[in-house]
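What the coordinates show
What follows is the residue order along each chain.
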Amino acid sequence: DAGITQSPRHKVTETGTPVTLRCHQTENHRYMYWYRQDPGHGLRLIHYSYGVKDTDKGEVSDGYSVSRSKTEDFLLTLESATSSQTSVYFCAISDSRNEKLFFGSGTQLSVL
Amino acid sequence: AQSVTQLDSQVPVFEEAPVELRCNYSSSVSVYLFWYVQYPNQGLQLLLKYLSGSTLVKGINGFEAEFNKSQTSFHLRKPSVHISDTAEYFCAVSENKGRRALTFGSGTRLQVQP
């Protein structure tokens, strides 16, 4: 299995609080991605990174920010969590754009 | 902009029967195409991918898919399914130019019944 660790695995928080999810990889892959998975929507891209300090917005980026100061870490921050951000969040990595993605185990986030 | 449509949200099928999961994509440029599988409570795993060359692509677990450029489709097939194939299947597309990342379809839940 690819070395991808997402933390925390589960989190319950209240509306309006900041939340940071961490994705850590040991594969030295250049590309990293954050997706959210919701019933009926599949996986939707939030943000992605093509290298250190090189990030871009995905299709559902509103309310989220990211940072990548090191190759191995990609942080996803919800500045002020809302109930609509209750979801399962997956981090993924790849070595190039035409190669397969390796997925983490996911973070279940509940915003009450 | 690239997009993917999976035409069936659920596909029930009996064990040992053939199955086809449908996928259509939209893009203004050439694309890479992928099928991923997600077993319950797990992350996604790659089944197969099309980058270029032969339009018939074979993947793991006996699955195959055919790229049809004129119909902008990439349907997934298996001639005989097993109970263990019960999972959710996602089609995905990535344009082969520019910075766009992978875009996934909404998924098809394959339910294999004994």
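I will try to describe carefully the structure that is included in this document.

About the thresholds
Every chain's residues receive numbers from 1 upward, in the order its sequence appears when written. Lettering of chains starts at A and numbering of ligands starts at 1, both following the order in which they are written. With the structure being a predicted model, the display of local features is reserved for residues of pLDDT at least 70 and the display and counting of side-chain atom pairs for 80 or more, all residues being used for whole-chain, interface and lining totals. Side-chain numbers come from the whole structure's heavy atoms, not from hydrogens or water. Runs of E in the DSSP output that reach at least two residues are strands. Runs of H or I that reach at least four are helices, and both are numbered from the N terminus. With C-alpha atoms as the basis for the radius of gyration, the globule rule is written as 2.2 Å multiplied by the number of residues raised to the power 0.38. Throughout this description, buried means an accessible area under 20% of the type-specific maximum (1.4 Å probe, protein chains only), exposed means over 50%, and partly exposed covers the range between. Here, Shrake-Rupley sampling with a 1.4 Å probe gives the accessible areas, and only protein chains in the shown set may cover a residue. Residues are said to line a cavity or pocket when one of their atoms sits within 4 Å of a point; the points come from a 1 Å grid over protein atoms alone, cavities being sets where a 1.4 Å probe fits but cannot get out and pockets being open sets with protein on both sides within 12 Å along at least five of seven lines. Grid points are joined across faces, edges and corners, and a volume is the space filled by probe spheres set on the points. Residues are sorted three ways: Asp, Glu, Lys and Arg are charged, Ala, Val, Leu, Ile, Met, Phe, Trp, Tyr, Cys and Pro are nonpolar, and all the rest, Gly among them, are polar. By disulfide we mean two sulfur atoms from cysteines, separated by a distance within 2.5 Å. Pairing between strands is defined by DSSP: at least two bridges between the two strands are required. Lines fitted to C-alpha atoms define the axes here, with helix axes fitted over just the stretch in contact, and angles between the N-to-C directions of these axes take values from 0 to 180 degrees.

**Digging into the overall build of chain B**
- Broken down by element type, chain B carries zero helices and twelve strands.
- Taken from the N to the C terminus, the helices and strands of chain B come in the order β-β-β-β-β-β-β-β-β-β-β-β.
- Expected size for 114 residues packed as a compact globule is a radius of gyration near 13 Å; at 14 Å, chain B falls within 12% of this value.
- Dimensions along the principal axes, computed over C-alpha positions, put chain B at roughly 45 × 30 × 20 Å.
- Buried residues in chain B amount to 48% of all 114 residues.
- With an accessible surface of roughly 5,400 Å², chain B has 48% of that area assigned to carbon and sulfur atoms.

**Here's the deal with the layout of surface pockets**
- Estimated volume of the largest pocket: approximately 590 Å³.
- The wall of the largest pocket is formed by 28 residues, among which Q37(A), V88(A), Q38(B), E88(B) and R109(B) lie closest to the centre.
- Listed by contribution, the elements that provide at least two residues to the lining of the largest pocket are β4 (31-38), β9 (87-94) and β11 (107-111) of chain A together with β10 (87-95) of chain B.
- Among the residues forming the lining of the largest pocket, the class breakdown is six nonpolar, 18 polar and four charged.

**Some thoughts on the state of the cysteines**
- As enumerated under the stated definition, the model contains two disulfides over all chains in all.
- A disulfide bridge connects C23(A) with C91(A), and the sulfur atoms are separated by 1.9 Å. For the disulfide bridge between C23(A) and C91(A), the dihedral angle about the S-S bond is near -70 degrees, and by the sign convention the bridge is left-handed. Separated by 68 residues along the polypeptide, C23(A) in strand β3 (residues 19-25) and C91(A) in strand β9 bring together distant segments of the chain. Each member of the pair, C23(A) as well as C91(A), carries the same accessibility label: buried.
- At a sulfur-sulfur separation of 2.0 Å, the disulfide partner of C23(B) is C91(B). Here the disulfide of C23(B) and C91(B) is left-handed, its torsion about the S-S bond being about -65 degrees. Of this pair, C23(B) sits in strand β4 (residues 23-26) while C91(B) sits in strand β10, and the two are 68 residues apart along the sequence. Across this residue pair, the class does not change: C23(B) and C91(B) are buried.

**Here's the deal with unusual backbone geometry**
- The omega torsion across S7(A) and P8(A) is -10 degrees, close enough to zero to call that bond cis.
- Counting through the fold element by element, P8(A) comes out in the loop between β1 (4-7) and β2 (10-13).
- The phi angle at N61(B) is positive, at roughly 60 degrees, despite the residue not being glycine.
- By the element assignment, N61(B) lies in the loop between β7 (56-58) and β8 (64-68).
- Exposure remark for N61(B): the relative accessible area of 41% places this residue in the partly exposed category.
- In this model, T72(B) sits at a positive phi of 45 degrees, which is unusual for a non-glycine residue.

**Observations regarding the sheet that holds strand β8 (residues 73-78) of chain A**
Residue and element names in this part refer to chain A.
- The strand order β1-β3-β8-β7 describes an open sheet built from four strands, whose pairing is antiparallel. Two strands lie at the open edges of the sheet, namely β1 and β7 (64-70), each paired on one side alone. On average, adjacent strands in this sheet sit at an angle of 15 degrees to one another, irrespective of strand direction.
- Pairing of β3 with β8, which is carried by six bridges, proceeds in the antiparallel orientation. Bridging across to β8, T20 finds its partner in T77.

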